[in-house]
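# Working through the structure, step by step
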Amino acid sequence: MRIAGILLAAGSAVRFGGDKLLEPLPAPSDDCDAGTPIGIAACRHLAAAVAETVAVVRPGDVALARCLSDAGARVIECPRAHDGMGASIACGVRSAGDADAWLIALADMPWIKPSTIAMLASALATGADIVAPSYLGARGHPVGFSRRHFAALAALTGDEGARNVLVANQSTLSLQETDDAGILRDVDTRTQLHR
């Protein structure tokens, strides 16, 4: 089964106040040394767990695109990235439209362990319809979708991401419990990066 990882790296980072995905990690994260850019760590973790990684970036984000490519991703520009996360998901899923399933990951979550991502990929490979990790009862990221959801994912717009797809298919969501607190930890501000 071919599972594509879709790394969402097209946000504007307004709350962070700058190019957060190129901001260095203050401490090591799994196999990434301190100083590794946030987005590159997230990309490496995803690429370590799936056969194909597609990174979605804003038009003209040359430095980030180059770094993500060097980290093992096929980089695509999303012309409508300014429309929100839904547009980025749609762009990424359409670019890997022949995959059997997609794992949607966020580039500002550099602390998710590759083993957690591999666990989710395995669940998709063995028939899960929608899969997400859970830590102490809280659902986290990334979220995986089977082929059945291609049309819904490819049509997404706006800033809600795939929330409506999840809500409409709540009964087929398989939560995989993990001890990986990184599934809940993202970077929106500089304070969050250094806490």
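Residues numbered from 1 in each chain as written. Predicted model: local features only at pLDDT ≥ 70, side-chain atom pairs only at ≥ 80, totals over all residues. Heavy atoms only, no water.

A general feature of soluble globular proteins is that nonpolar side chains tend to end up buried together. Ranked by size, the top nonpolar core spans 66 residues in total, and within it Ile6, Leu7, Leu68, Trp102, Phe145 and Leu153 carry the most contacts. Contacts of Phe145, omitting those with residues within four sequence positions, involve Ala101, Trp102, Ile104, Leu124, Asp129, Ile130, Leu153, Ala162, Val165 and Leu166. (Core = buried A, V, L, I, M, F, W, Y, C linked by side-chain atoms within 4.5 Å. Buried < 20%, exposed > 50% of the residue type's maximum accessible area, 1.4 Å probe, protein only. Contact = heavy atoms within 4.5 Å.)

A few words on helix α3 (residues 85-95). Among the 11 residues of α3, 8 are classified as buried, and the element is accordingly described as predominantly covered. All of the buried residues in α3 are Gly86, Ala87, Ser88, Ile89, Ala90, Cys91, Gly92 and Val93. On its buried side, α3 packs onto β1 (3-9), β2 (52-57), β3 (74-77), β4 (101-106) and α5 (150-154). (Helix = DSSP H or I, 4+ residues; strand = E, 2+ residues; numbered from the N terminus.)

Of note, Asp108 is situated in the loop between β4 and α4 (114-125). Overall, Asp108 belongs to the buried group, its relative accessible area being 11%. Placed 23 residues apart in sequence, Asp108 and Val131 show a C-alpha to C-alpha distance of 20 Å. Ignoring anything within four residues of it in the chain, the contact list for Asp108 reads Lys20, Leu21, Ile38, Arg185, Asp186, Val187 and Asp188. Separated by 2.8 Å, the side chains of Asp108 and Lys20 make a polar contact. (Polar contact = N/O pair within 3.5 Å; in protein donor to acceptor, adjacent residues only side chain to side chain.)

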